[in-house]
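# Observations on the model geometry
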Number of protein chains: 2
Amino acid sequence: MTHALDDAVALERTGADSFTGRTTAPYANMVGPYGGITAAVLQNAVLQHPDLLGDPLALTVNFAAAVADGQFDLTARAVRTNRSTQHWTIELAQEGQVAATATAVTATHREGWTDTEAVMPEVPEPHEVRLGDKPPMAWPNRYEMRFLQGPVLGTGAPGSSSQTTLWVRDDPPRPLDFVSLTAFCDVFFPRVFVRRARQMPIGTVSMTAYFHATAEELTRHGDDYLLGSVRGSAFQRGFYDHVGHLWGRDGTLLATTHQIVYYKG
Amino acid sequence: MTHALDDAVALERTGADSFTGRTTAPYANMVGPYGGITAAVLQNAVLQHPDLLGDPLALTVNFAAAVADGQFDLTARAVRTNRSTQHWTIELAQEGQVAATATAVTATHREGWTDTEAVMPEVPEPHEVRLGDKPPMAWPNRYEMRFLQGPVLGTGAPGSSSQTTLWVRDDPPRPLDFVSLTAFCDVFFPRVFVRRARQMPIGTVSMTAYFHATAEELTRHGDDYLLGSVRGSAFQRGFYDHVGHLWGRDGTLLATTHQIVYYKG
């Protein structure tokens, strides 16, 4: 049986640089699909492209409009290929209107000095941690989330920290790859809900992810839990940003991710 | 007299979405121009565009190839304009070859709940802090840099932290605006030089900046010092990332910025 994530990111190639895909109900958000699945679809277009050099290194997705339920058209174009890096521009459109723009860099890693300076939080094992409550949309049910720190969904009292740490994996579990890692980069509930202890209209405007792991490290990770940690920096007149880290169970920093989010209230 | 920064980012509009500019000697790097000035030029194309809505909110620049000394062609296109956000795709080319791709979001801020969660480091006043040594390229001489923490340029012993904090302003001083703030986002010397206490070939691959301040706050800042603080997360087989913050003298968080950088060694 196909995993719901593979179904949601499936693409049909329709030309040299063009693909079509469609939204799927299991990853539906309040309006349109979960942003993480849209990012994963854009990543997948690069990964499916026959010109691909190397593995994902950087991805920026700009959510220009809500993606409507149904079919969408993608273009993914390698605008510059160097010896060890390749630069991509990507666009998602529906009925000729741009709904998302993106740029990606893929690269071949080489041997060299390696060190992870960021420190993975010391936390209890996943089975010792409570499952979080889920909001009413479909997509959070595609993830098993176990929250270590931070209120989950705008419950509790307003606080001075938006820090949240959680164990997360696909539900049902699925072996990690660059497509699912991209989707995990958007898995954090809105920081403004945490700070204000209530929900309000929000929408991610732009999201960037840097991928630190090799395909081999992702394979070694398998379908185990990732540790996610995230914190907001500034909430300013309708927009806030956050910085997130995604760790493998063994302490490998898999990705760092940032986003800026619109909020109303 | 025109400030060197204004000279470096000057553009001539040549069509609905097209501009030309040229590199200038004062912002030269080892090979081609300082990445921060290239980012500022791309930002300036958006700011000069007659279709512009609002102020810069997010900018991602992908450095696809070294920019050669001389003229370059820019295209900046508003691909989607919403009620309060506008999405841009930008490209810098030389002789028909793409040298940089970028996306930008501009936005109109609205009134709303506002809080800066990130905390500005408590540091001595700029006049109490030593001026840093400069590397031999031209561009660092366009900045007055006073380093509070962290070795400057790969001197000293290798350490376990790449954290650097510095006061910085244009030299000569220039009133802050979104163009110069964009250039400041790339002002941090390479984190890998700090960690390894030596220099090696490096190049920024992709850089993202989120702008938290309004034009009015930038005007109020004037030509005063910014406080920059930056730290690397992961150095992995030829690529590392960092997260930086730029603060106004009064504690206003002006921008958060991230980049991923190629290094050899």
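Every value quoted in this text rests on a predicted model; they were computed, and no experiment measured them. (Residues numbered from 1 in each chain as written. Chains lettered and ligands numbered in written order. Predicted model: local features only at pLDDT ≥ 70, side-chain atom pairs only at ≥ 80, totals over all residues. Heavy atoms only, no water.)

## A short note on the overall build of chain A
The test is simple: Put simply, DSSP marks the helices as runs of H or I at least four residues long and the strands as runs of E at least two long, and each gets a number from the N terminus on. The atom set for the radius of gyration is the C-alpha atoms, and the globule formula is 2.2 Å times the number of residues raised to the power 0.38. Each residue is placed in one exposure class: buried if its accessible area under a 1.4 Å probe, protein chains only, is under 20% of its type's maximum, exposed if it is over 50%, and partly exposed if it falls in between. Working rule for contacts: check all heavy atoms of both residues, and any pair within 4.5 Å makes them a contact. Here the Shrake-Rupley method, with its probe set to 1.4 Å, supplies the accessible areas, and only the displayed protein chains count as covering residues. Note that His is not counted, nor are the chain ends; the positive residues are Lys and Arg, and the negative ones are Asp and Glu. Lysine's charge is taken at NZ, arginine's at CZ, aspartate's at CG and glutamate's at CD.
A tally of regular secondary structure across chain A gives 5 helices and 13 strands. Whereas a compact globule of 265 residues would reach a radius of gyration of roughly 18 Å, chain A reaches 18 Å, a difference of no more than 12%. Every one of the 265 residues in chain A was classed for burial, and the buried ones make up 61%. Of the contacts formed within chain A by residues at least 6 apart in sequence, a portion of 68% connects residues at least 24 apart. A total of about 9,700 Å² of accessible surface is found on chain A, and carbon and sulfur atoms cover 48% of it. Of the charged side chains in chain A, 21 are positive and 28 negative; the average position of the first set lies 8 Å away from that of the second.

## Focus: the interface of chain B and chain A
By a frequent convention, interface size equals the accessible area lost on bringing the separate parts together. Let me state the cut-off plainly: Each of two parts loses accessible area, computed with a 1.4 Å probe, when they are put together; buried area is these two losses added. Only one rule defines a salt bridge in this text: a Lys or Arg side-chain nitrogen within 4 Å of an Asp or Glu carboxyl oxygen. By the criterion applied in these results, polar contacts are pairs of N or O atoms within 3.5 Å in which, for protein atoms, one can donate a hydrogen and the other can accept it, and in which residues neighboring in sequence qualify only through two side-chain atoms. Residues were grouped as follows: Ala, Val, Leu, Ile, Met, Phe, Trp, Tyr, Cys and Pro as nonpolar; Asp, Glu, Lys and Arg as charged; and all remaining residues, including Gly, as polar. By definition, two strands form a pair when at least two bridges between them are found by DSSP.
The partner chain A presents 69 residues to the 69 residues of chain B that form the contact. Buried surface at the junction of chain B and chain A, summed over both partners, amounts to about 5,700 Å²; 53% is from carbon and sulfur atoms. By the criterion of area lost to chain A, the three top residues of chain B are Trp113, Glu117 and Arg237 of chain B, representing 17% of everything that side buries. Applying the counting rule to chain B against chain A returns 10 salt bridges. Linking arginine 237 of chain A and glutamate 217 of chain B is a salt bridge whose minimum nitrogen-to-oxygen distance equals 3.4 Å. Connecting chain B to chain A are 48 residue pairs in polar contact (both at pLDDT 80 or more). Looking at side-chain class alone, the side of chain B that touches chain A contains 24 nonpolar, 32 polar and 13 charged residues. Relative to strand E11 (residues 226-236) of chain B, strand E7 (residues 115-116) of chain A is paired through 2 bridges, and the arrangement is antiparallel. Looking at E11 of chain B, one finds that aspartate 115 of chain A is bridged to phenylalanine 235 of chain B.

## As for the pairing of strand E10 (residues 202-211) of chain A
Taken residue by residue, a regular strand's side chains alternate between the two faces of the sheet. Residues and elements named next belong to chain A. E10 sits mainly inside the fold: 8 of its 10 residues count as buried. Bridge count for strand E3 (residues 55-63) against E10 is 5 bridges, and the pairing is antiparallel. Looking at the pairing, valine 61 lines up with methionine 207 of E10. By the bridge criterion, 9 bridges tie E10 to strand E13 (residues 253-263) in an arrangement that is antiparallel. What sits directly across from methionine 207, in E13, is glutamine 259.

## A few points about the relation of the copies chain B and chain A
To keep things clear, this is the line we draw: Copies are brought into register by a least-squares superposition over C-alpha atoms of residues with pLDDT of at least 70 in both.
If you rotate chain B by 180° and push it 0.0 Å along the axis, it lands on chain A with an RMSD of 0.0 Å. Read as a symmetry element, the transformation amounts to a two-fold axis. Here 100% of the contact residues of chain B are again contact residues in chain A; the copies associate through an equivalent surface.

## Brief notes about the confidence of the model for chain A
To keep things clear, this is the line we draw: Each residue carries a pLDDT score, the predictor's confidence in it, ranging from 0 to 100.
Averaged over chain A, the pLDDT score is 94; the fraction of residues at 70 or greater is 97%. Interface predicted TM-score (ipTM) for the complex: 0.96; the corresponding pTM is 0.97.

## Comments concerning helix H2 (residues 35-48) of chain A
Residue and element names in this part refer to chain A. What counts here: By this rule the span expected of a helix is its residue count minus one, scaled by 1.5 Å.
The first and last C-alpha atoms of H2 sit 20 Å apart over 14 residues, in line with the 20 Å expected at 1.5 Å per residue. Taken across its 14 residues, H2 has 12 buried, putting it largely inside the fold. Of the residues making up H2, those classed as buried are Gly35, Gly36, Ile37, Thr38, Ala39, Ala40, Val41, Leu42, Gln43, Asn44, Ala45 and Val46.

## Some remarks on the environment of histidine 109 of chain A
Relative to the elements of secondary structure, histidine 109 of chain A occurs in the loop between strand E6 (97-107) and E7. A distance of 3.3 Å separates a polar side-chain atom of histidine 109 of chain A from the backbone oxygen of glutamine 236 of chain B. Among the polar contacts listed, one links the side chain of histidine 109 of chain A to the backbone oxygen of arginine 237 of chain B, at a separation of 3.3 Å.

## Some words on the side chain of glutamine 43 of chain A
Residue and element names in this part refer to chain A. With respect to the element layout, glutamine 43 can be found in helix H2. A polar contact is formed between the side chain of glutamine 43 and the side chain of threonine 182, at a distance of 3.0 Å. Those residues within four positions of glutamine 43 in sequence are excluded, and the remaining contacts are Pro56, Leu59, Phe178, Thr182 and Phe211.

## Things to note about the pattern of salt bridges
Per the stated rule, a full pass over the model turns up 24 salt bridges over all chains. Across the salt bridge formed by arginine 249 of chain A and aspartate 224 of chain A, the nearest N and O atoms sit 2.7 Å from each other. Of this pair, arginine 249 of chain A sits in the loop between strand E12 (239-247) and E13 while aspartate 224 of chain A sits in the loop between helix H5 (215-221) and strand E11 (226-236), placing them 25 residues apart in sequence. For arginine 169 of chain B, the salt bridge is made with glutamate 144 of chain B, and the minimal N-O distance between the two is 3.0 Å. Separated by 25 residues along the polypeptide, arginine 169 of chain B in strand E9 (residues 164-170) and glutamate 144 of chain B in strand E8 (residues 143-149) bring together distant segments of the chain. Where salt bridges share partners, they join Asp115 and Glu117 of chain A together with Arg195 and Arg231 of chain B into one cluster.

## Regarding the packing of aromatic side chains
Geometrically, a pair of aromatic rings is defined through the distance of the ring centres and the angle of the planes. Residues and elements named next belong to chain A. For clarity, the threshold we go by: Centres within 6.5 Å make a pair out of two Phe, Tyr or Trp rings, where for Trp the six-membered ring is used; the pair is then stacked when the planes are under 30 degrees apart, edge-to-face when over 60, and tilted otherwise.
The full count for this structure, using the stated rule, is 24 aromatic pairs over all chains. For the pair phenylalanine 235 and tyrosine 240, a centre-to-centre distance of 5.2 Å together with 25° between the ring planes defines the contact as stacked. The two residues phenylalanine 235 and tyrosine 240 agree in class, both being buried. An angle of 65° between the planes, with centres 6.0 Å apart, marks the rings of phenylalanine 239 and tyrosine 262 as edge-to-face. Placement of the pair is phenylalanine 239 in strand E12 and tyrosine 262 in strand E13, with a sequence separation of 23 residues. Assigned by exposure class, phenylalanine 239 and tyrosine 262 land together as buried.

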